[in-house]
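# Per-entry structural report
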Amino acid sequence: MVALLWAICFPFIVIGLPDAPPLLFAALRAFLAGGLLVFVCIVQQHRGPYLFNIRNLLYLGLIGLSYTAMGFGGMFLGAGHLSPGLATVLASIQPLIAAAIAAGWLGETLKAKGIAGLVIGFLGVALLSWPGFGGNNDGYLWGITWVLMAALGTAIGNILLKKKAGGAIAMPMAIQLLIGGGILLLVSALAGERWDVDWTVQFTGSLLILSALATAAMIFLWFGLLARAPLNQLNVFSFLTPVFGLLIGYLFFEERLQLVQALGILVVLCGIALMQARNAVLEPGNEVTPS
């Protein structure tokens, strides 16, 4: 479900971009999603209040900076400059970056099966994205830079989310989204974006879907999952994002599925299966002795 919600991000960003500047669009997405999660907090008040203190706010501020501001900002800025195939492959570097950081920061050691799973999954994404490569424009290098920044920010954010996982979900995620949205709004102002939004049905619909489903619902589910399993075993499912994107295009937009893409889907599934195998990831304190 999380991978499916990730998959709908890029199409709806592309739909809404003609009607709003990218950083302002990203900020509106974060603010609306944060507001929706605040509403969830109010509904769930019987579960007890969230503990506010300076340390928690600083930590959530780092998540807002990396996961929301860098992740959303890079995604929105890069969307208009790269072909869908190249953007997909660059964004899919995120699990590899997160795995490298997680080894030192979280103590999640990848064994041979885990490393093979990540590499094979990434190669599968490259295969299924191959027909979408191409296209070069004046902002090509900037597009690569923005998407790589989004991948790095999301990877760092996932590490921070994993260390924070457990306990309350809605309130901390609402706070980091609002902080990230504030950073995006500030950068938008500093960058000189004109805050002119054409509130067409197209833009309003894309903003609502991005905020409610692809952000609030997705991050609520994702943060809950991070408390239940190693980051690397969960993060590898992000390779399904382009798979779902292709299947959505095939089922609803009469797009043809090429043989190389079908092969890529099978390779991605093999990579995910390898990562889920026993002993693919060893968490600190869970070292397995030979039977």
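Numbering of residues starts from 1 in each chain and follows the order in which that chain's sequence is written. In keeping with the model being predicted, local features are shown solely for residues with a pLDDT of at least 70 and side-chain atom pairs are shown and tallied solely at 80 or more, while totals for entire chains, interfaces and linings include all residues. The basis for every side-chain value is the complete set of heavy atoms in the structure, and neither hydrogens nor water enter the calculation.

By definition, any uninterrupted DSSP run of H or I lasting at least four residues is a helix, any uninterrupted run of E lasting at least two residues is a strand, and each is numbered from the N terminus. Counting its regular elements, the protein contains 13 helices and two strands. Here the protein holds 291 residues, and 47% of them are scored as buried. Look at the contacts in the protein between residues 6 or more apart in sequence, and 91% of them connect residues 24 or more apart. Buried residues are those whose accessible area, probed at 1.4 Å on protein chains only, stays under 20% of the maximum for their type, while exposed residues exceed 50% and partly exposed ones sit between those limits. Throughout, a residue-residue contact means that at least one pair of heavy atoms, one from each residue, lies within 4.5 Å.

A few words now on the pattern of salt bridges. Should the charged atoms of two oppositely charged side chains come close, the side chains can pair. Within this document, salt bridges are pairs made up of a side-chain nitrogen of Lys or Arg and a carboxyl oxygen of Asp or Glu, the two lying within 4 Å of each other. According to the stated counting rule, one finds one salt bridge in the structure shown. Between arginine 194 and aspartate 196 there is a salt bridge, and its shortest N-O distance comes to 3.1 Å.

Buried residues of nine kinds, namely Ala, Val, Leu, Ile, Met, Phe, Trp, Tyr and Cys, make up a nonpolar core once their side-chain atoms join them within 4.5 Å. Phe25, Tyr67, Leu161 and Trp222 are the most contacted members of the largest nonpolar core, which has 48 residues in total. Broken down by element, the residue count for this core peaks at ten residues, all from helix α10 (residues 201-226). Dropping the residues within four chain positions of it, tryptophan 222 is found in contact with Val2, Trp6, Tyr67, Asn158, Leu161, Leu231, Leu234 and Asn235. In this structure, Leu110, Val236, Leu240 and Val268 belong to the second largest nonpolar core, which totals 17 residues.

Turning to the packing of helix α8 (residues 140-164) against α10, a few remarks are in order. Axis lines are fitted through C-alpha atoms, for helices just across the contact stretch, and the angle between N-to-C directions can take any value from 0 to 180 degrees. In the contact formed by α8 and α10, the axes pass within 8 Å of each other and the chain directions differ by 60°. Between α8 and α10, the crossing angle belongs to the class labelled oblique. The element α8 and its partner α10 pack so that their crossing is right-handed. Between α8, through Asn158, Leu161, Lys162 and Lys164, and α10, the contact on the second element is made entirely by Trp222, Phe223 and Leu226. Oblique is the label for any angle not covered by the other classes, which are roughly parallel (under 35 degrees), roughly antiparallel (over 145) and roughly perpendicular (65 to 115). Less than a right angle of anticlockwise turn of the near helix away from the far helix marks a crossing as left-handed, whereas a clockwise turn marks it as right-handed.

Before going further, it helps to examine the side chain of arginine 29. Tracing the backbone through its elements, the reader meets arginine 29 in helix α3 (residues 22-43). All tallies of charge rest on Lys and Arg as positive and Asp and Glu as negative; His and the ends of each chain are not included. Despite its burial, arginine 29 remains without a salt bridge, the nearest opposite charge being carried by glutamate 193 at 14 Å. Beyond its immediate chain neighbours, meaning those up to four positions away, arginine 29 contacts Cys9, Ile13, Phe72, Met75, Phe76, Leu207, Leu210, Ser211, Ala214 and Thr215.

A separate point is helix α9 (residues 170-190). With 21 residues, α9 should reach 30 Å at 1.5 Å per residue; the first-to-last C-alpha distance of 30 Å fits that figure. In this structure, the buried residues of α9 make contact with α3, α4 (54-78), α8 and α10. In the stretch just after α9, glycine 192 is the one whose phi turns positive, near 80°. A helix is expected to reach a length of 1.5 Å times the quantity of its residues less one.

Let us now look at the packing of aromatic side chains. Under the pairing criterion, centres of Phe, Tyr and Trp rings, with the six-membered ring standing for Trp, must be within 6.5 Å; the plane angle then separates stacked pairs below 30 degrees from edge-to-face pairs above 60, leaving the rest tilted. For the structure on display, the rule yields five aromatic pairs. In this structure an aromatic cluster arises from ring pairing among Phe25, Phe76, Trp199 and Phe203. When the ring centre of phenylalanine 72 is taken as origin, the NZ or CZ atom of arginine 29, which lies over that ring, is 4.0 Å away. The criterion is that NZ of a Lys, or CZ of an Arg, lies within 6 Å of the ring centre and within 35 degrees of the ring normal, and then a charge sits over that ring.

Mapping serine 188 onto the fold places it in helix α9. Every residue in contact with serine 188, bar those within four places of it in the chain, is listed here: Leu23, Leu24, Glu193 and Trp195.

The next subject is the confidence of the model for the protein. For the protein, per-residue confidence averages 84 on the pLDDT scale, and 87% of positions sit at 70 or higher. Note on scores: pLDDT gives the predictor's confidence for each residue, bounded by 0 and 100. Least confident of the elements in the protein is strand β2 (residues 281-282), whose mean pLDDT is 60; most confident is α9, at 95. Note on residues 287-291: pLDDT under 50 across the span, and three contacts to partners over four residues away in sequence or across chains.

With that out of the way, let us pick up the environment of alanine 216. In this fold, alanine 216 is placed in helix α10. According to the relative accessible area criterion, alanine 216 is buried, its value standing at 6%. Here the alpha-carbon distance between alanine 216 and alanine 174, two residues 42 residues apart in the chain, equals 8.3 Å. If sequence neighbours within four positions are ignored, alanine 216 has contacts with Ala33, Leu36, Leu37 and Ser211.

Moving on, we get to α3. Taking 1.5 Å as the rise per residue, α3 with 22 residues should run 32 Å; its terminal C-alpha atoms sit 32 Å apart, in good agreement. Within α3, the full set of buried residues consists of Leu23, Leu24, Phe25, Ala26, Ala27, Arg29, Ala30, Ala33, Gly34, Leu37 and Cys41.

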